[in-house]
Amino acid sequence: MLDALILGFDRTLRTLAGVASSARPLPGADLPEAELSPPERRHAAGLMRVNHTGEICAQALYAAQALVARDPSIRERFAQAAREEEEHLAWTRTRLAELDSRPSLLNPLWYAGSFAIGAAAGIAGDDVNLGFVVETERQVEEHLTGHMERLPDADAKSRAIVAQMRDDEARHGAMALAAGAAPLPFPVKGLMRVAADVMRTVAYRV
């Protein structure tokens, strides 16, 4: 348990400090930078800031869920998913820099809130823990599809990142479902959606 706490604390510091790495190449790295108007650039940056914040939240959720998971194999599944989510964190941070923008100023708050939610889901049991992942990833996949539609048509670099993230999120959700996820009650799903909507609205601007 002590080792898990130390690793979790280290991941928290690296996440909030913006120290994220990727074993896979940046999607769309070989694509040319599009000529975007100032409003288009600000809009693309706002959407990518939301996606970066979502990955901050994902790191917190997986860290908390892995910490309280009872089954070692489930803990390893969460750890593997967290490693891939860290790649998303690196990709979105890079794209924000390319768009001359920055991450959300409230990322420490988003991280703390998501960690608390993840811990609560894990304490409820491994099946609920996995069910929370399934619903989270389903909503994230839906959200990323929406971003594909809202990004400027010419912004192929952002689109490539979002498309790969969406594929990964779908795989994480399928993994959790196959591992024995329990369906969540409708009110819980609704609260998750409301919380996500608040995060998206605020992170787009702040």
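Anyway, here's the lowdown on the structure attached to this text. (Residues numbered from 1 in each chain as written. Predicted model: local features only at pLDDT ≥ 70, side-chain atom pairs only at ≥ 80, totals over all residues. Heavy atoms only, no water.)

1. Re unusual backbone geometry
One non-glycine residue, Asp100, adopts positive backbone phi at about 60°. With respect to the secondary-structure elements, Asp100 resides in the loop between helix 3 (72-98) and helix 4 (107-123). With relative accessibility at 66%, the residue Asp100 sits in the exposed group. (Helix = DSSP H or I, 4+ residues; strand = E, 2+ residues; numbered from the N terminus. Buried < 20%, exposed > 50% of the residue type's maximum accessible area, 1.4 Å probe, protein only.)

2. What about the pattern of salt bridges?
All chains considered together, the criterion is met by 13 salt bridges. Arg95 serves as the salt-bridge partner of Glu33, at 2.9 Å between the closest nitrogen and oxygen. One end of the pair, Glu33, is in the loop between helix 1 (2-17) and helix 2 (38-68); the other, Arg95, is in helix 3, and 62 residues separate them in sequence. Across the salt bridge formed by Glu135 and Arg138, the nearest N and O atoms sit 2.7 Å from each other. Here Glu135 and its partner Arg138 are both found in helix 5 (residues 126-150), 3 residues apart, which amounts to about one turn of the helix. Classification of Glu135 by relative accessible area gives buried; the value is 5%. Put simply, Arg24, Glu84, Glu87, Asp168 and Arg171 are held in one network by salt bridges that share partners. (Salt bridge = Lys/Arg side-chain N within 4 Å of Asp/Glu carboxyl O.)

3. Topic: the packing of helix 2 against helix 6 (residues 156-178)
Here helix 2 crosses helix 6 at 25°, and the two axes come no closer than 12 Å. Between helix 2 and helix 6, the interaxial angle falls into the category roughly parallel. Considering how the two elements wind past one another, helix 2 and helix 6 form a crossing that is left-handed. Here Met48, Asn51, Glu55 and Tyr62 of helix 2 lie close against helix 6, whose contacting residues are Ser158, Ile161, Val162, Met165, Glu169 and His172. In terms of residue class, the contact of helix 2 with helix 6 is built from 5 nonpolar, 3 polar and 2 charged. (Axes fitted to C-alpha atoms, helices over the stretch in contact; angles between N-to-C directions. Parallel < 35°, antiparallel > 145°, perpendicular 65-115°, else oblique. Left-handed = near helix turned anticlockwise from the far one by under 90°. Contact = heavy atoms within 4.5 Å. Nonpolar A, V, L, I, M, F, W, Y, C, P; charged D, E, K, R; others polar.)

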